[in-house]
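# Observations on the three-dimensional arrangement
Listed below, chain by chain, are the residues.
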Amino acid sequence: MSSAESSGDGGKWLDAHYDPVAGIYSFSSCLDLADLSGDGENRLVVGDLGSGSSGMKLKVYRGTALMSESTLLDLPAGLVAFFMDLHEPRIPAVAVASGPCIYVYKNLRPYFKFTLPGLEINTLEQDVWQQVREGQIDPLTLKEMLESIRKKADVPLSVRSLNFLSLELHEMDEFVELHKHQPIKRQTVITCIGTLKKNMADEDGVSCLVIGTESGEVFILDPEAFIILSKMSLPAVPTIMDVTGQFDVEFRITAVCRNGNIYILRRESDKPKYCIELSSHAVGLVRVGKNVVVGCTDETLQGFTQKGKKLWKTVLAAPITTMASMDLPTRGFQAVLVGLSNCEVQLYRDKNLLSTIKTPDMVTSICFGRYGREDGTLIVTTKGGGLMVKILKRTATFDDRDSAPGPPLAQSVRLNVPKKTKLYVDQTLRERESGLAMHRAFQMDLSRLRLAAAKAYVKALESSLTPMSASLAEPLKMNAVVQGLGPSFKLTLNVQNTAACRPIMNLAISFLYDESLYRMRNPYMRIPLLVPGLIYPVETFVECTSDKGISDIIKVFVLHEGRSSPLLTAHINMPVSEGLTLN
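Residues numbered from 1 in each chain as written. Predicted model: local features only at pLDDT ≥ 70, side-chain atom pairs only at ≥ 80, totals over all residues. Heavy atoms only, no water.

Looking at an unreviewed UniProt entry, the chain carries the name BBSome complex member BBS1, with the source organism given as Oreochromis aureus. Turning to the chain, the UniProt record has this under Subunit (unreviewed entry): "Part of BBSome complex, that contains BBS1, BBS2, BBS4, BBS5, BBS7, BBS8/TTC8, BBS9 and BBIP10. Interacts with the C-terminus of RAB3IP. Interacts with CCDC28B and ALDOB. Interacts with PKD1." (UniProt positions renumbered as here; feature names shortened; annotations may be inferred.)

Right, here's the structure in full:
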């Protein structure tokens, strides 16, 4: 029996490397893949927990060998690779969250240290320690006063006071003499870390750091000056975060908190906009498209919309240990990798189980992405410190059908039918009496709705007013980006062939605009052959010739040679030219 068959993955994965004594003790939040040398080969960056009290290290692997390691001062809570500037060559920095600090490494060398701002100190606590410093009260009186403050005060006590209250009587004098002349500090620590694109969604765009703290706050940091750009508050301590969007445009932060709830923060508010209440605590959270998949401690995997509506739920065979996203943009494939305590890694797309990988030990962390020069690489670390690397075969295909045997689990769930209320009985009687009129009114409204929808659909098809083409022969997708303040603007059109394996050729792009307002260098351009899955940027320059401070719409048509109707149409709302306004 082959190793692929024995692993239960259906022969979809290649066993590239397995080192059972690699000595890596980490979680998924402390793993990342990044091109740290600018040579096109991604390295594996690991925040190693060591023994928990010592041996914490930042390790970098190249292929199967350990490339470098640096000592960390405290346990890492998270690790991310991000681009902090636009300098060439494009090499990302590595940010390690540890205690109250973020340590930034550039070219694998310490570059910057950011420390969280201190928290508010209880004024009564300050006064009490001031009296101790002046010799007005003894340690026993100090203990009584601190206990009274702890019960009544809104602001929690500092770590020094809490440590003092936990001491025995014979240890108090020595503790007071040692600490009474030192200033009181309240310092929070980082619980989770993520990245947020600043103003461009490019893969190598500059990103801000997003950190969650033990005090229930979320900070967004500037990537160059490391100042706090935005501060948000949560009702509980965040433990897992997923960040999407752009800071200058619109973003969404999905945070799993210790109170068993998931909160969703948006750009326009410093408080959560939506809340998802879970039946048990969350172990992992992964975003798939516009939905989020949550793994819980009750051995379930649940899907929610970004507004908190529950979509589905599936029961797993064992408790979840970790989760990670599996994203293959070249194939248009997104799924969720789930590590289980029964030594398995399962691949889910929505609630459908697509693949199962057997592992020799319990999985503690998962990372999927480009490693070396292979796009589909799965990296797994185990409880015993082992490192496993698997590569997805280029011929691998995943079937969306639910592989669980027998009828679906939802079929056996008994429906909770409510009792008949007086309102229900009255409504039933009314429907009996005027059922014909109600049915006719409903049918009339339904017919009007269908007619309006059909008219809008036909209008969109005739004018191709959709971001994606309706033609099955030429499935295209396009988005536009306008850059510049004016009077010259750079217009970039990203065109993508969404077909599975068929290229598209003989295409052109034409622009329709008000010639009294704008002048374009290339109003008509040919597009080269479009390979499936790749995004082709088409760039041109637009010059605003009007000095009246007004703007207009530029229409973009994607055409096929020999056809009169366009495949795609886009309307670009041009910004007002600020350059002419200033002049």
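Don't stop here, the text continues.
What follows is about the UniProt feature "domain: Bardet-Biedl syndrome 1 N-terminal" (unreviewed entry) in the chain. Residues annotated in UniProt with the feature "domain: Bardet-Biedl syndrome 1 N-terminal" (unreviewed entry) correspond here to residues 13-266. Along residues 13-266 the backbone is 17% helical and 41% strand, and the end-to-end C-alpha distance reaches 38 Å. (Helix = DSSP H or I, 4+ residues; strand = E, 2+ residues; numbered from the N terminus.)

A few words now on the nonpolar core. A general feature of soluble globular proteins is that nonpolar side chains tend to end up buried together. In terms of nonpolar packing, the biggest core is built from 29 residues, with I509 and F511 touching the most fellow members. Only β29 (476-483), β30 (488-497), β31 (507-512), β32 (518-520), β33 (524-527), β34 (535-544), β35 (553-560) and β36 (568-573) provide two or more residues apiece to this core. Excluding residues that lie within four positions of it along the chain, I509 makes contacts with L493, V495, P523, Y524, M525, I527, V538, V556, F557 and V558. (Core = buried A, V, L, I, M, F, W, Y, C linked by side-chain atoms within 4.5 Å. Buried < 20%, exposed > 50% of the residue type's maximum accessible area, 1.4 Å probe, protein only. Contact = heavy atoms within 4.5 Å.)

A cluster of nonpolar side chains, namely M505, L529, V531 and L534, defines an oily patch on the protein surface of about 320 Å² accessible area. Within the fold, M505 resides in the loop between β30 and β31. (Patch = residues over 30% accessible without salt bridge, like charges linked within 9 Å, V, L, I, M, F, W, Y side chains within 5 Å. Areas by Shrake-Rupley, 256 points an atom, 1.4 Å probe, with all protein chains shown as cover. Salt bridge = Lys/Arg side-chain N within 4 Å of Asp/Glu carboxyl O.)

Considering all chains together, one arrives at zero disulfides under this definition. Here C296 stays unpaired: no disulfide links it, and the sulfur of C275, its closest cysteine neighbor, is 13 Å away. Owing to a relative accessible area of 0%, C296 belongs among the buried residues under this scheme. (Disulfide = S-S within 2.5 Å.)

Judged by pairing direction, the sheet is antiparallel, and its four strands sit side by side in the order β1-β28-β27-β26 without closing on themselves. Two strands lie at the open edges of the sheet, namely β1 (13-19) and β26 (363-371), each paired on one side alone. For this sheet the average axis-to-axis angle between neighbouring strands, irrespective of direction, equals 20°. When β1 meets strand β28 (residues 387-392), the two strands line up antiparallel, connected through six bridges. (Pairing = 2+ DSSP bridges. Axes fitted to C-alpha atoms, helices over the stretch in contact; angles between N-to-C directions.)

The next thing to look at is the UniProt feature "domain: Bardet-Biedl syndrome 1 protein GAE" (unreviewed entry) in the chain. Per the UniProt record, the feature "domain: Bardet-Biedl syndrome 1 protein GAE" (unreviewed entry) sits at residues 476-578. Taken as a whole, residues 476-578 contains 1% helix and 53% strand, while its terminal C-alpha atoms sit 34 Å from one another.

Turning next to the pattern of salt bridges. Under the counting rule described, the total for this entry stands at 21 salt bridges. Put simply, D85 and K106 hold a salt bridge, and the shortest N to O gap is 2.7 Å. Of this pair, D85 sits in the loop between β6 (76-82) and β7 (93-98) while K106 sits in strand β8 (residues 101-106), and the two are 21 residues apart along the sequence. Accessibility assignment for this pair places D85 and K106 in one class, buried. Between R258 and E214 there is a salt bridge, with the nearest N and O atoms lying 2.6 Å from each other. Here the residue R258 occupies a position in the loop between β15 (250-257) and β16 (261-266), and E214 occupies one in the loop between β11 (207-213) and β12 (217-221), the gap between them amounting to 44 residues. Residue class for E214 comes out partly exposed when judged on its relative accessible area of 33%. Through salt bridges with shared partners, one network takes in E41, R62 and R373.

The next subject is unusual backbone geometry. Along the chain, E88 connects to P89 via a cis peptide bond; the corresponding omega equals -5°. Along the polypeptide, P89 turns up in the loop between β6 and β7. Phi at E299 takes a positive value of approximately 65°, unusual for a residue other than glycine. As for its position among the elements, E299 is in the loop between β19 (291-296) and β20 (300-305). Overall, E299 belongs to the partly exposed group, its relative accessible area being 28%. At N506, a residue that is not glycine, the phi angle is positive and equals roughly 60°. Mapped onto the fold, N506 is located in the loop between β30 and β31.

This brings us to the sheet that holds β34. Read across the sheet, four strands follow the order β29-β30-β34-β32 without closing on themselves; strand pairing throughout is antiparallel. Since the sheet does not close on itself, it has two edges, and those belong to β29 and β32, each with one partner. Adjacent strand axes in the sheet meet at a mean angle of 30°, parallel and antiparallel pairs treated alike. Relative to β34, β30 runs antiparallel, the two being bridged by nine bridges. What sits directly across from L491, in β34, is T540.

Let us look at the pairing of β7. With six of its six residues buried, β7 lies for the most part within the structure. Burial along β7 is two-sided: A93, A95 and A97 facing one way and V94, V96 and S98 facing the other are all buried. Here β6 pairs with β7 via six bridges, running antiparallel. Along β7, the bridge assignment pairs G78 with A97. Pairing geometry for β7 and β8, over five bridges, is antiparallel.

How big an interface is tends to be reported as the loss of accessible area on association of its parts. Segmenting the chain into domains produces domain 1 (23-119 + 187-277), domain 2 (123-178) and domain 3 (476-573). A straight line from the C-alpha centre of domain 1 to that of domain 2 covers 36 Å. (Domains from an automatic or database assignment.)

On to the packing of helix α2 (residues 123-133) against helix α3 (residues 139-152). Axis separation between α2 and α3 bottoms out at 10 Å; the angle between their running directions is 175°. As judged from the angle between their axes, α2 and α3 are roughly antiparallel. Side by side, α2 and α3 meet where L124, E125, V128, W129, Q131 and V132 of the first sit next to L142, M145, L146 and I149 of the second. Among the residues making up the contact of α2 with α3, the classes are represented as eight nonpolar, one polar and one charged. (Parallel < 35°, antiparallel > 145°, perpendicular 65-115°, else oblique. Nonpolar A, V, L, I, M, F, W, Y, C, P; charged D, E, K, R; others polar.)

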